[in-house]
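Tertiary structure, described
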Amino acid sequence: MAAELVDTTRLYGRCVAQIQPEWLEKVGGHLLKKSYGEPKWEKRTGQVSGFERATLYGLVVYSQRRIQYGLTHPAEAREIFIRDALVEGEFDTRAPFLAYNQKLVREIENLEHKSRRIDVLVDDHLIAAFYDKHLPAEVYNAVLFEQWHKEATKNNPKLLYLNKDELMRHEAAGITTDVFPKNMQVSGVPLQLSYHFEPGSTRDGVTLTVPLFSLNQVSSDRCEWLVPGMLKEKVHLLIKSLPQKIRRHCVPLPNYASDFCERNEFGKGNFLEVLIADIREQKGLLCLSSDFKFETIPAHLTMNFKIVDEYGRQLEMGRSLASLRAEFGGQARESFQKIASADKLALLDKGKQKEVENNDNGSLGVSRLSHESGNPERQPINTQKTATIQQENITSWSFNELPELLEVQQGKQTLIGYPALVDQSTHCHIAVYDDPDEAQRVHRLGLRRLFALQMKEQLKFLEKNIPSLQQMGMQFMSLGSQEELREQIILTALERAFLQSPLPNNSGEFNRRRDEGKARLNLLANEIARMAAQILAEFYTLPKKLQGIKAHAAAHADIDAQLKN
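Just so we're clear, the structure is a prediction, and the values are computed from it rather than from any experiment. (Residues numbered from 1 in each chain as written. Predicted model: local features only at pLDDT ≥ 70, side-chain atom pairs only at ≥ 80, totals over all residues. Heavy atoms only, no water.)

**Let's talk about the overall build of the chain**
Along the backbone of the chain there are 18 helices and 15 strands. For 565 residues, the compact-globule formula gives about 24 Å, and the C-alpha radius of gyration of the chain, at 39 Å, lies well above that figure. C-alpha extents for the chain along the principal axes are approximately 130 × 70 × 65 Å. Burial status across the chain gives 40% buried among its 565 residues. Taking contacts inside the chain between residues at least 6 apart in sequence as the whole, the part at least 24 apart equals 60%. Carbon and sulfur atoms make up 49% of the accessible area of the chain, which amounts to about 33,000 Å² in all. (Helix = DSSP H or I, 4+ residues; strand = E, 2+ residues; numbered from the N terminus. Rg over C-alpha atoms; globule rule 2.2 N^0.38 Å. Buried < 20%, exposed > 50% of the residue type's maximum accessible area, 1.4 Å probe, protein only. Contact = heavy atoms within 4.5 Å. Areas by Shrake-Rupley, 256 points an atom, 1.4 Å probe, with all protein chains shown as cover.)

And the structure:
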């Protein structure tokens, strides 16, 4: 700082001394020109903060100094507090009104997603106006608000509570949990449904959250029906995509779609087949699935699937259930079998009765399917006193009954599993599957192996005494080895001798079937070998015979293609 300035050929300063900028604020504060900017709500400190800048005759003394904005601009700070803290919910308070109001807003937003309309919830400025009407002018931060609220709510505890009518522009008629349910039952497990309205987004429409262990149990037919509240629009747009010669018989389309929903039971059968059958029944028109232009149907009218792991983390999301199963089906089966692991499988044993110990991961309750009726009927078995059976290295039916269906208790959820004998070549073991078709396929192979293990000596004799095996092996060379042919003949004989429907379901039925089949196994094997010899002899000579029909090119090509396949 210079005490004197002398301007000659150049500008000179006299009596110059160094000063600190902080001194200027102390001794010349009344000369500083201050400006303020960038106000914002800070949830952590509970106040509106901003930055202050000061200059002295154009010289910047300080800048970006953080200040409490309400001390200098209380009206603007109050507006920001109402908008960001109260309306947006970015406010930590013990007062219950804020959580209640936010929950109410989310419920109405969910109604908008379900109805696919954005005109139900009022604008934010109307909610802000509600708070502005009640808050005094001097309340602009968390401390002042809490002090005021404590006194103001003594006589009126509901002072700041919003009500649904104030938040809705109009009633969302018909948007109920009956037509827009919160979950969907999949093999006894309630899976969460969520709704989102954002055209073009991967989340647009209805999303089914599927735990990995339930993936293989989700019914693709059921998911095609979506939810009752979205079915009418889907039917309308599908009929609209039909050729004009069919579509014109269904006008007015909205009325037909509405009547379809009333005529047909929701979720029963394949959706497209039900729609085609309805058009045929109501209008007498033959309609094919290829007549519909599925590419014109918006994405939100196809179920969206979110696959999550045991911790709720998203693994994948997509609208093709088949693709998700192709990618995660194996992991899903492993996850399910881990839950229904062998050490938790409790079944009735024909011998001793032991109490099954419960473990932390849950226990298995057992149910059977009724064989007398066409529909599955769960018949609970008393599991208070049950006995564990051998799960590994099974070489005979040493247990009483293998149920067709199991209830696996996982936490508060009850999963449905399907036990099966699994072929392990030298023995079998019991595993629980999540897919009844897969369980049936695996069980049939496992049961065949169990019969084969009971017929060891007889099968050894058969392996050495299959008639004409060497000659058949030479004719079979283009298809496989002689050992493979022998194995196929023996396995087919086992199928015919022991695996007629219905399959044995307990030790008594298994032993009876074994005794009955044992007597005819050799005869069946010889008959199958004789038929195989005839077929292979014809197969071996067929290429020579085909030379004579080369003039008939189409027939020749067709037969040749079948032989190669």
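**Topic: a negative patch on the surface**
The grouping of Glu88, Glu90, Glu109 and Asp124 at the surface amounts to a negative patch. Within the secondary structure, Asp124 sits in helix α4 (residues 124-134). Exposure remark for Asp124: the relative accessible area of 41% places this residue in the partly exposed category. (Patch = residues over 30% accessible without salt bridge, like charges linked within 9 Å, V, L, I, M, F, W, Y side chains within 5 Å. Salt bridge = Lys/Arg side-chain N within 4 Å of Asp/Glu carboxyl O. Lys, Arg positive; Asp, Glu negative; His and termini not counted. Charge placed at Lys NZ, Arg CZ, Asp CG, Glu CD.)

**Observations concerning the sheet that holds strand β9 (residues 304-308)**
The mixed open sheet is built from 5 strands, whose spatial order is β6-β7-β8-β9-β10. Of all strands in the sheet, those with a lone pairing partner are β6 (183-186) and β10 (314-318), marking the two edges. For this sheet, the mean inter-axis angle between neighbouring strands, taken without regard to orientation, is 25 degrees. Here strand β7 (residues 189-196) pairs with strand β8 (residues 205-211) via 4 bridges, running antiparallel. Each bridged residue has a counterpart across the sheet, and for Ser194 the counterpart in β8 is Thr207. Contacts from helix α12 (residues 321-339) reach β9 and β10, with the element oriented near 150 degrees to β10. (Pairing = 2+ DSSP bridges. Axes fitted to C-alpha atoms, helices over the stretch in contact; angles between N-to-C directions.)

**Description of helix α2 (residues 74-87)**
Since the α-helix advances by 3.6 residues per turn, residues separated by three or four positions end up pointing in the same direction. Relative to the 20 Å expected for 14 residues at 1.5 Å per residue, α2 spans 18 Å between its end C-alpha atoms, a close match to the ideal helical length. Maximal helix bending in α2 amounts to about 25 degrees, located at Phe81. Every buried residue of α2 is accounted for by Ala77, Arg78, Ile80, Phe81, Ile82, Ala85, Leu86 and Val87. Against the buried residues of α2 lie β3 (33-42), β4 (47-56), α3 (97-115), α4 and α5 (142-152). Where α2 terminates, the next one or two residues include Gly89, which has phi positive at roughly 80 degrees. (Expected span 1.5 Å × (residues − 1). Bend = angle between axes of the 7 residues up to and from the residue.)

**Quick word on the nonpolar core**
Formed by 93 residues in total, the largest nonpolar core has its most connected members in Phe81, Tyr131, Phe145 and Leu208. The element that contributes the greatest number of residues to this core is α2, accounting for 7 residues. Not counting residues within four places of it along the chain, the set of residues in contact with Tyr131 comprises Ile82, Leu86, Val87, Phe97, Leu98, Asn101, Leu160 and Leu162. Within the second largest apolar cluster, 33 residues are counted, among which are Trp397, Leu447, Phe476 and Ala532. (Core = buried A, V, L, I, M, F, W, Y, C linked by side-chain atoms within 4.5 Å.)

**Considerations on the packing of helix α13 (residues 436-454) against helix α17 (residues 507-546)**
In contact at an axis separation of 11 Å, α13 and α17 are set at 60 degrees when each is read in the N-to-C sense. Viewed along their axes, α13 and α17 adopt a mutual orientation that is oblique. Here the hand of the crossing between α13 and α17 comes out right-handed. Between α13 and α17, the contacting residues are Leu447, Leu450, Phe451 and Gln454 on the first element and Phe510, Arg513 and Arg514 on the second. For the contact of α13 with α17, a count of residues per class yields 4 nonpolar, 1 polar and 2 charged. (Parallel < 35°, antiparallel > 145°, perpendicular 65-115°, else oblique. Left-handed = near helix turned anticlockwise from the far one by under 90°. Nonpolar A, V, L, I, M, F, W, Y, C, P; charged D, E, K, R; others polar.)

**With respect to the sheet that holds strand β5 (residues 59-68)**
A sheet is described by the order of its strands in space; here 3 strands give the open sequence β3-β4-β5, paired in antiparallel fashion. With partners counted over all chains shown, the strands left at the sheet margins are β3 and β5, one partner each. Going from strand to strand, the sheet's axes swing by 15 degrees on average, the running direction of each strand aside. Pairing of β4 with β5, which is carried by 7 bridges, proceeds in the antiparallel orientation. In the sheet register, Glu52 faces β5, and the bridge partner there is Arg65.

**Some details on the layout of surface pockets**
The volume enclosed by the largest pocket comes to roughly 650 Å³. As for the largest pocket, its lining consists of 24 residues, and the residues nearest its centre are Glu404, Gln440, His443, Leu503 and Asn505. Those elements giving two or more residues to the lining of the largest pocket turn out to be β14 (413-423), α13 and α17. If one sorts the elements of the lining of the largest pocket by residue count, α13 sits on top with 7 residues. (1 Å grid on protein atoms, 1.4 Å probe; cavity = no way out; pocket = protein on both sides within 12 Å on 5 of 7 lines; lining within 4 Å. Points joined across faces, edges and corners; volume = space filled by probe spheres on them.)

**So, a nonpolar patch on the surface**
On the surface, Met1, Ile19 and Trp23 cluster together into a nonpolar patch covering about 330 Å² of accessible area. By the secondary structure assignment, Trp23 is in helix α1 (residues 21-27).

**Structural notes on the side chain of Arg222**
Mapped onto the fold, Arg222 is located in helix α7 (residues 220-224). It is Glu224 that comes nearest to the buried, bridge-free Arg222 among opposite-charge side chains, at 9.7 Å. Contacts of Arg222, omitting those with residues within four sequence positions, involve Met184, Phe266 and Gly267.

**Comments concerning the pattern of salt bridges**
Scanning the entire structure with this criterion turns up 18 salt bridges. For Glu42, the salt bridge is made with Arg66, and the minimal N-O distance between the two is 2.7 Å. Taken together, the positions of Glu42 in strand β3 and Arg66 in strand β5 put the pair 24 residues apart, joining distant regions of the chain. Look at Glu42 and you get buried, because its relative accessible area is 15%. For Arg66, a relative accessible area of 48% corresponds to the partly exposed category. The partner of Asp309 in a salt bridge is Arg313, with the nearest N and O atoms 2.9 Å apart. Residue classification places Asp309 among the buried positions, given a relative accessible area of 16%. It is possible to trace a salt-bridge network through shared partners that takes in Arg444, Arg448 and Glu495.

Remember that the coordinates give geometry; whether it matters functionally is a separate question.
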